[in-house]
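# A closer look at the structure
Below, each chain spelled out in residue letters.
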Amino acid sequence: MLYAILCYNSEDVVGSWTKQEDDEVMARLGAVQEKIAEAGKLGPVVRLLPTTAATTLRKGRDGPLVIDGPFAETKEQFLGFYVVDCETLDEALDIAKELQAANRGPGAYEIRPVSIFRPGALTT
Amino acid sequence: MTADPSWIDDALTAARPQVVGALLRYFRDLDAAEEAFQEACLRALKNWPVNGPPRNPAAWLIFVGRNSGIDAVRRRAKQTPMPPEETVSDLDDVETPMVERLDGAHYRDDILRLMFICCHPDLPATQQVALALRIVSGLSVKQIARAFLVSEAAMEQRITRAKARIARADVPYEAPGAVERSERLAAVAAMIYLIFNEGYSAGVEEADRRAPLCDEAIRLARLLLRLFPTEPEIMGLTALLLLQHSRTAARFAADGSIILLEDQDRGLWNGAMIAEGLALIDKAMRHRQPGPYLIQAAIAALHARVGKPEDTDWAEIELLYAMLERQEPSPVVTLNRAVAVAKVRGPEAALAMVEPLEERLSGYFYFFGLKGYLLMQLGRSADARCAFDHAIALANTPAEAAHIRMHLDRLMKESGEAARA
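As the structure is a prediction and not an experimental result, all values here were calculated from the model.

## Description of the overall build of chain A
The secondary structure content of chain A amounts to 3 helices and 6 strands. Going residue by residue from the N terminus, the α and β elements of chain A occur as β-α-α-β-β-β-β-α-β. The buried share of chain A, taken over its 124 residues, is 25%. The long-range fraction of contacts in chain A, counting pairs at least 24 apart against all pairs at least 6 apart in sequence, stands at 75%.

The following block contains the structure:
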């Protein structure tokens, strides 16, 4: 089963990390990712730009409505996601726990089974 | 819970503008608000490691800070006459969820007010910046003094003076109307830009110490944009700061000399900052009628978008500067447009634009730098030398002076070669 691990944290908090702190977090997360990749279980990894860069398209009565900003006003924002290939939910939870330990502070990881997955052919 | 206590510091830093802003609304006194915030932080440091993080750290801090502030008011009340009714009434028996709701509704204006009092027009620019860094960002006096290269005592005095001036001034506590809100927003945007420039205009020897000012300005701009997500000018401001800051690593050579935009190693530009800046500009442009920050950001974007300097769309840059000139006529903007004109139509056309500005820009380093450069391109070496001498006298940093001296040396060498030939 493919699981998406969705990362939530307060953008105010993540945004006040110094560059050094941010780099440290990314390095620790990178080490965890490497481990999952070596086990052949890691799909795409995505870190999103801040929600201030987001635009939302919403279905309006008279056609689509383009709104500045993220989909919902929440205390924690959707900051990025992983796709991992795991036998069980427990296994996906273990990965999320490792990511959590490598990250800084609170925040949350939502584990969502994936319905449709097309890896695409993007390279950067 | 993680053993790493750094998350508490992170949470306190992130919550600070909202919490101090709310406490300021309750106590209507900056010192009281700061004191209450400090107290709330102390209690958080004791409480949070034991009980884990509260669901909403800012609401927790506001609630605790408010109660501790009221205690302090009561203690003082034993020695002094009772404080005005509105400072104490109706505050102490509120449940956290209610505080949360209350502050959810107010917090946008709370943060804006907190930032706005720092840019009171009575305060000189340096005091505005120092005060904002102290009050909104929560940097220590020592950190701010270090960034401004002054002693801690001098900075302490500067901030105390600024606070005293604000205490005497009228601070508007009622919720602002639409016009007032947009006026405050404009003042706060200008103050954030000022903080950025304090960091950005430093020479290389100060750059490391001052770079945190740029980061802090970007953090404040993003914060403001989260509060006002549909304001194209705040998108423009944030993008402008990001795009300028993205070039930081490429701006100085190892010996501290300035590397001009067109000579910079673009591989050193920060790709993530550029991506965020460009995304914000795309969003903002959908609103049409770009304002000054957005136009400047769009100009910076035209540099950021191309991999090689020779691909730069100077004609478009000139158009944007012309647009900026119409909105905010200033000789400095005209001077910048002249740089684009020089690229598009040659040094002669540019020089014709620049020369009428001399009277108004007689104390401006960049004016004489550009004038000298244009004259040099036109082969008028003696005039160019004269302009460069002026520029060196007006240089703000050793790096600026060194850059001009390099041109002068080249002129000397060329004229020497010409004489020998």
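Next comes the rest of the description.
## Focus on the overall build of chain B
When helices and strands are tallied, chain B shows 19 helices and 0 strands. Counting every position in chain B, which comprises 421 residues, the buried fraction comes to 42%. Considering only intrachain contacts with a sequence separation of at least 6, the fraction spanning at least 24 residues in chain B is 62%.

## Quick word on the sheet that holds strand β1 (residues 2-9) of chain A
All names here are of chain A. The strand order across the open sheet formed by 4 strands is β2-β5-β1-β6, and the pairing between neighbours is antiparallel. Edge strands, defined here as strands with exactly one partner in the open sheet, are β2 (42-47) and β6 (108-113). On average, each strand axis in the sheet is inclined to that of its neighbour by 20 degrees, with strand direction left out of account. Where β1 and β6 come together, 6 bridges link them in antiparallel fashion. Paired with Cys 7 across the strands is Tyr 109, a residue of β6. On the sheet, helix α3 (residues 89-102) packs against β1, β5 (77-85) and β6 and is oriented at approximately 155 degrees with respect to β6.

## A short note on the interface of chain B and chain A
Residue-level contacts link 20 residues of chain B with 17 residues of chain A. Only α1 (6-27), α10 (204-227) and α12 (271-285) of chain B provide two or more residues apiece to the side of chain B that touches chain A. It is α1(B) that contributes the most residues to the side of chain B that touches chain A, 6 residues altogether.

## As for the nonpolar core
Within the largest apolar cluster, 123 residues are counted, with the highest numbers of intra-cluster contacts made by B:Leu23 and B:Ile192. If you tally residues by element for this core, the top one is α1(B), at 12 residues. In contact with B:Ile192, other than residues within four places in its own chain, are B:Ala217, B:Leu220, B:Ala221, B:Leu224 and B:Leu237. By size, the runner-up hydrophobic cluster in this structure holds 12 residues, among which are A:Ile36, A:Ala92, A:Ile95 and A:Ala96.

## Here we look at α1(B)
Two residues of an α-helix separated by three or four positions point the same way, owing to the 3.6 residues in each turn. Residues and elements named next belong to chain B. Spanning 22 residues, α1 covers 30 Å between terminal C-alpha atoms, matching the ideal 32 Å at 1.5 Å per step. At Arg 16, α1 shows its largest bend, some 55 degrees, and a proline, Pro 17, comes one to four positions later. Of all 22 residues that make up α1, 18 are buried, and the element is covered over most of its length. One or two steps after α1, the chain reaches Arg 28, where phi turns positive at roughly 55 degrees.

## As for the confidence of the model for chain B
Residues and elements named next belong to chain B. Residue-level pLDDT values for chain B average 87, and 91% of them are 70 or greater. Every residue in residues 82-95 scores below 50 in pLDDT, and together they form 15 contacts with partners more than four places removed in sequence or on other chains. We note a pTM of 0.85 for the whole complex and an ipTM of 0.80 for its interfaces.

Procedures and definitions
- Residues numbered from 1 in each chain as written.
- Chains lettered and ligands numbered in written order.
- Predicted model: local features only at pLDDT ≥ 70, side-chain atom pairs only at ≥ 80, totals over all residues.
- Helix = DSSP H or I, 4+ residues; strand = E, 2+ residues; numbered from the N terminus.
- Buried ≥ 20, exposed ≤ 12 C-beta atoms within 10 Å, placed from the backbone.
- Contact = placed C-beta atoms within 7 Å.
- Pairing = 2+ DSSP bridges.
- Axes fitted to C-alpha atoms, helices over the stretch in contact; angles between N-to-C directions.
- Core = buried A, V, L, I, M, F, W, Y, C linked by C-beta atoms within 7 Å.
- Expected span 1.5 Å × (residues − 1).
- Bend = angle between axes of the 7 residues up to and from the residue.
- pLDDT = per-residue confidence, 0-100.

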